[in-house]
Amino acid sequence: MAKLYPFISIIICGWAFSQQKDSTNLISEVHIDAYKKPSDFISSTKSVGIVSKDLLLQNSPERLLESLNQIAGVRMEERSPGSYRLSLRGSTLRSPFGVRNVKVYLDDFILSDASGNTYFNVISPLLIDRIELFKGPESGDYGSVTGGTVILKTRNQDEIKADLSIGSYGTFSGSLNFSKTFGKHFFEVFQNHYQTDSYREQSRMKRRQIFIKDNFRYSDQGIAKAMLMYSDLDYQTPGGLTLGQMQQNPKQARPATATTPGAKEQDAGIRNKMVLAGLSNDFDFTPDFSHFIMVQGSYVDFKNPFITNYENRYEGNFALRTHFNYKKIWDKVSLSYRLGFEGGVNDIDIRNYDNNRGIKGDPQNFDQIKNTSGFYFLSQSLNIAEQLFTDISISLNSNSFDYSRYYPINEKGSVSFKNQWLPNFGVNYLFGDGFSVRAKLGKGNSAPTNEEIRASDQEFNNALNPESGWNKEVGIRKQWRNILFVEASYFDFRMKDAIVRRQNDAGQEYFVNAGETVQKGLEILFESKNFNLKNDFFSNFKFRFSGSFYDFKFKNYQQNENNFSGNDLTGVPRTTINSLLDFTFFKKLSVDYSHFYTSGMPLDDANSVYSESNLIGNIQLRFPLAMDKTKLDLFLQIQNIYNTDYVLGFDINAFGQRYYNPSAKRNFILGVQMNF
């Protein structure tokens, strides 16, 4: 019965819709910021997903997974608590952990480094107020990635709020957010502490974060923003299991073999301390002409005791973004231009030692890598009679790196990738009555990150090429009677030199170019507004349904004597279906009932092993209380309500078929949110 739920939910939703045609609740136009290029969702030329406050409430305190996975084309994976991957349309093909091939911004600032790597897991989900996800290559304003762009937004309204929760496996989360306007300043101070013992051995996690910002409106024309973030993340990594090991004991960490010790014996894990600070200024010279500039710097202290070595990384980062903006509005026409530059430098010192049961031993290799990247961009947006919307952009992208080994031998080299012109064209026609049709054509290019140039095998891979490709896309958006919103998008992305992860017999990773890929897909969304049922018992109801249906193939992919051409793309499910039903009882008790269906996927390039499909159900109950001026929101989350055996994050192309990172069985989180 549980496996039929995604299809039954469509029938239920259709019945509820048909019963509520006279609802007076309206669907307001969703507004997207798109990094200071605002537009209405229905008229946007981009393939964009919005994670609203309501969707953010679906998260457990330690992760954004439940919210992001409700967006068609987006897949967040968890190998173990703290070890997350974020995929936009299959972009995790090259990510053993973290986020690569996806550009991430935090308000005005850049979370991704100059090489393209992002420590996404240093951010507490409770800091985030809204997320915009742009799927596929954008080029232009965002540069060269082929996966997509993510913009994380923090609060912009007054709020004093505290969160406290406990849960299964020793889970505890506490946070405090103080957001307040004082004259011309808007301050936000956020603090969070999270910890869990987790489901498996060797998978404890602890994260502490402090975030401070000041938005200073110093004149009617100008606003300056300052941001400081410190994050201290410490999580253990249990390692992948074989199918037999998982069936025998899914809670165990990777065991020792005749030649290598186990994850628990070596105290495998990640300890990541990061400081990020930045300043930005936005000034309007005239109503039509403005300038924006941002500078930032960050420092990362990264430790990774692993099965075969103990790695220290010390990273210094600097980034600059600036652009001039011009906008002119006539009677029925508006035209805007943006000309700018974004660039950064990532300087990293990597030191590897023997790992003596979690303690640094004798030195192995000491290396340095300096990555420099940047892009100039020009974009134009045209709006004719609030019906025809066009967005045209082009960027010139550059990327190079210098590397050197200063222990035990001296070795130096440098690589400069060919500069890339990346155009992007988008058009949207709004027919009226809430119906729009859009088309998009864009090219993306993504150079290898530092973690791919010099992976855990400790070899410099200066033969690795950037991946690049063209994306063609069409889509429709329709809003019916201010009650139901429907979106469908079809894309065809052809990528060359796709970067693929592999492992050697010691479990160390390295990367290769995998020829060409053909990635075709259909993404759909059905979403209702909140129906007022005018009933004291069953008060309100709304629903959300999304799905991704992919046909991703390797093309012309030859590895030594193996020909993988025509195989399904590794680690990408053909079908994902997600749903969220929200019920309100007694005008107070909110019940969120969500489901995530994932089809089987190939775990290696040869397609010799596939995962099993799974359906995961979660339920959340929320009940508000008012005490004088304090509002309490009590909540209970029960995750994996069907107690399903499943894996949320596979190790693809793993040596020895250690693909499996078992996820937790049924578990709960009990908490309270306090608004003062």
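Everything numeric here is computed off the predicted structure, so don't read it as measured data.

Caption draft 1: Seen up close, the pairing of strand E21 (residues 359-384). As paired strands, strand E20 (residues 333-356) and E21 are joined by 23 bridges and run antiparallel to one another. Note that in E21 the partner of Leu339 across the bridge is Leu378. Bridge count for E21 against strand E22 (residues 388-407) is 19 bridges, and the pairing is antiparallel. Directly across from Ser379, in E22, lies its bridge partner Ser393. Hairpin connection, E21 to E22: the antiparallel pair is bridged by three residues, and Ala385 has positive phi, about 60°.

Caption draft 2: Region of interest: the environment of Asn614. Inspection of the secondary structure puts Asn614 in strand E37 (residues 614-627). Separated by 30 residues in sequence, Asn614 and Thr644 have C-alpha atoms that sit 7.8 Å apart. Those residues within four positions of Asn614 in sequence are excluded, and the remaining contacts are Phe596, Tyr597, Thr598, Tyr646 and Val647.

Caption draft 3: Focus on the confidence of the model for the chain. Averaged over all residues, the pLDDT of the chain equals 91, while 95% of them reach at least 70. In this model, residues 1-26 is a region of pLDDT below 50 whose contacts with residues beyond four sequence positions or in other chains number 37 contacts.

Caption draft 4: Geometry of the sheet that holds strand E8 (residues 109-110). Taken together, five strands build an open sheet; the order of strands is E3-E10-E11-E7-E8 and the sheet is mixed. Because the sheet does not close on itself, it has two edges, and the strands there are strand E3 (48-51) and E8. As judged from the four bridges shared by E3 and strand E10 (residues 130-135), these two strands associate in the antiparallel manner. Paired with Val48 across the strands is Phe134, a residue of E10.

Caption draft 5: Region of interest: the environment of Asn59. Here Asn59 lies in the loop between helix H2 (53-56) and helix H3 (65-68). Given a relative accessible area of 8%, Asn59 falls into the buried group. As a C-alpha pair, Asn59 and Ser395 span 336 residues in sequence and 36 Å in three-dimensional space. In this structure Asn59 touches Leu64, Leu65, Glu66, Ser67 and Gln637, once residues within four positions along its chain are discounted. A polar side-chain atom of Asn59 sits 2.8 Å from a polar atom in the side chain of Ser67.

Caption draft 6: Representation of the nonpolar core. Membership of the largest hydrophobic core comes to 65 residues, with the highest contact counts inside it found for Leu68, Ile131, Leu133, Val150, Leu152 and Met229. In this structure, Met229 is in contact with Leu106, Leu111, Val122, Ile123, Gln209, Ile210, Phe211, Met274, Val275 and Leu276, ignoring residues within four places of it in sequence. Within the second largest apolar cluster, 16 residues are counted, among which are Phe552, Tyr557, Phe564 and Ile652.

Caption draft 7: Local environment of unusual backbone geometry. Residue Pro408 is reached from Tyr407 by a cis peptide bond, and omega for that bond is 5°. Along the chain, the position of Pro408 falls in the loop between E22 and strand E23 (411-416). Even without glycine at this site, Asn607 takes up a positive phi of about 60°. Positionally, Asn607 belongs in the loop between strand E36 (589-598) and E37. With a phi close to 55°, Asn640 is a non-glycine residue in the positive phi region. One can find Asn640 in the loop between strand E38 (630-639) and strand E39 (667-675).

Caption draft 8: The arrangement of the pattern of salt bridges in detail. Inspection of every chain in the model, using the stated rule, returns 51 salt bridges. Note that Glu132 is salt-bridged to Arg130, the shortest N-O span being 3.5 Å. What makes Glu132 buried here is its relative accessible area of 1%. A residue is classified by how much of its surface remains accessible, and Arg130, at 22% relative accessible area, is partly exposed. Where Glu473 meets Arg438, a salt bridge forms, and the shortest distance between an N and an O atom there is 2.8 Å. With Glu473 in strand E26 (residues 467-480) and Arg438 in strand E25 (residues 435-446), this pair connects stretches of sequence that are 35 residues apart. The pair formed by Glu473 and Arg438 is uniform in burial state, with each residue classed as buried.

Caption draft 9: The pairing of E23, seen in detail. Alignment of E22 against E23, held across six bridges, turns out to be antiparallel. Looking at the pairing, Asp402 lines up with Ser414 of E23. Where E22 folds back onto E23 in an antiparallel hairpin, the turn is made up of three residues.

Caption draft 10: The arrangement of the layout of surface pockets in detail. Here the second largest pocket defines a volume of roughly 1100 Å³. Lining the second largest pocket are 46 residues, and of these Lys36, Lys37, Pro38, Lys327 and Ser336 lie nearest its centre. Classifying every residue of the lining of the second largest pocket by side-chain character gives 16 nonpolar, 16 polar and 14 charged.

The rules we used
- Residues numbered from 1 in each chain as written.
- Predicted model: local features only at pLDDT ≥ 70, side-chain atom pairs only at ≥ 80, totals over all residues.
- Heavy atoms only, no water.
- Pairing = 2+ DSSP bridges.
- Helix = DSSP H or I, 4+ residues; strand = E, 2+ residues; numbered from the N terminus.
- Contact = heavy atoms within 4.5 Å.
- pLDDT = per-residue confidence, 0-100.
- Buried < 20%, exposed > 50% of the residue type's maximum accessible area, 1.4 Å probe, protein only.
- Polar contact = N/O pair within 3.5 Å; in protein donor to acceptor, adjacent residues only side chain to side chain.
- Core = buried A, V, L, I, M, F, W, Y, C linked by side-chain atoms within 4.5 Å.
- Salt bridge = Lys/Arg side-chain N within 4 Å of Asp/Glu carboxyl O.
- 1 Å grid on protein atoms, 1.4 Å probe; cavity = no way out; pocket = protein on both sides within 12 Å on 5 of 7 lines; lining within 4 Å.
- Points joined across faces, edges and corners; volume = space filled by probe spheres on them.
- Nonpolar A, V, L, I, M, F, W, Y, C, P; charged D, E, K, R; others polar.

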